[in-house]
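Chain by chain, the residues run as shown.
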Amino acid sequence: MSNVTESLEGLVELAGARSAALVDSSSGMVLGHAGSDADLEITAAANTEVVRAQLKSIGTLGSTDTIDDIIITLSTQYDIVRPLAANPSIFLYLGMDKNKSNMALARFKVAECERQLEL
C-alpha cells in the first residue's frame, strides 16, 4: 500500500473535500485516511454497512453488475463510496461540502485514485 496516503491526500485537495479514506468493509477498519473528519471511524463503519448491503443485494439478485460508486447526498454534504474493482470489499470514501464541491469532478478523481492505488 505504498501510495495510499499520497492518493488520499490528493483527493482532499479537491475543492470542498473534507476527508478521504480507504476502508475494509469486511472488518470496518480504516486502512488509510486524509483530511479533517473527527468522526471518520463512525463514518467508515456506517459506509461499511452500506457497501455490505449493496454487495449482498447484487449477490442475491444473481447480477453480474459491479458497483462503480455509491453517492449519498445529505443536506450539506456529498459522500462518494467506491468499492475497488480488484477487491470490492475494500472501498474509497470521499466526503465533501455540498456547497463547495463539484460532484462530477470528484467522481472522476475518485475513479482515477482507484486506478492509481497499489495494494
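Below you will find a few notes about this structure. Every value quoted in this text rests on a predicted model; they were computed, and no experiment measured them.

## Remarks on the layout of surface pockets
- By volume, the largest pocket amounts to about 150 Å³.
- Around the largest pocket, the lining residues are Leu55, Ile58, Asp65, Thr66, Ile67, Asp68, Arg82, Pro83, Leu84, Ala85, Pro88 and Glu114.
- When residues of the lining of the largest pocket are traced back to their parent elements, those giving at least two are helix H2 (40–61) and strand E4 (77–83).
- The residue inventory of the lining of the largest pocket, partitioned by class, reads seven nonpolar, one polar and four charged.

## Considering the pattern of salt bridges
- Summed over all chains, the structure comprises six salt bridges.
- For Arg82, the salt bridge identified is with Asp69, shortest N-O distance 3.7 Å. Taken together, the positions of Arg82 in strand E4 and Asp69 in the loop between H2 and strand E3 (70–73) put the pair 13 residues apart, joining distant regions of the chain.
- Here Arg107 and Asp69 are joined by a salt bridge, their closest N and O atoms 3.0 Å apart. Here Asp69 lies in the loop between H2 and E3 and Arg107 lies in helix H3 (residues 103–116), a separation of 38 residues in the sequence.
- A residue is classified by how much of its surface remains accessible, and Arg107, at 35% relative accessible area, is partly exposed.
- One network of salt bridges, in which partners are shared, links Asp69, Arg82, Arg107 and Glu114.

## Some thoughts on the sheet that holds strand E2 (residues 29–35)
- Taken in spatial order, the five strands line up as E2-E1-E5-E4-E3 in an open sheet, and their pairing is antiparallel. Single-partner strands in this sheet number two, and they are E2 and E3. Sheet twist, expressed as the mean angle between neighbouring strand axes with direction ignored, is 15°.
- Strand direction decides the pairing type here: strand E1 (residues 17–24) and strand E5 (residues 90–97), joined by seven bridges, are antiparallel.

## As for the pairing of E1
- Counting buried positions along E1 yields seven of eight residues, so the element is predominantly enclosed.
- Where E1 and E2 come together, six bridges link them in antiparallel fashion. Of the residues in E2, the one forming a bridge with Ser19 is Gly35.

## Looking at the environment of Val30
- Note that Val30 resides in strand E2.
- Taking the C-alpha atoms as reference, Val30 lies 8.5 Å from Leu40; in sequence the two are ten residues apart.
- Each residue touching Val30, except ones within four places of it in the same chain, is listed here: Ala21, Leu22, Val23, Leu40, Glu41 and Ala44.

What counts, and where the lines are drawn
Residues numbered from 1 in each chain as written. Predicted model: local features only at pLDDT ≥ 70, side-chain atom pairs only at ≥ 80, totals over all residues. Heavy atoms only, no water. 1 Å grid on protein atoms, 1.4 Å probe; cavity = no way out; pocket = protein on both sides within 12 Å on 5 of 7 lines; lining within 4 Å. Points joined across faces, edges and corners; volume = space filled by probe spheres on them. Helix = DSSP H or I, 4+ residues; strand = E, 2+ residues; numbered from the N terminus. Nonpolar A, V, L, I, M, F, W, Y, C, P; charged D, E, K, R; others polar. Salt bridge = Lys/Arg side-chain N within 4 Å of Asp/Glu carboxyl O. Buried < 20%, exposed > 50% of the residue type's maximum accessible area, 1.4 Å probe, protein only. Pairing = 2+ DSSP bridges. Axes fitted to C-alpha atoms, helices over the stretch in contact; angles between N-to-C directions. Contact = heavy atoms within 4.5 Å.

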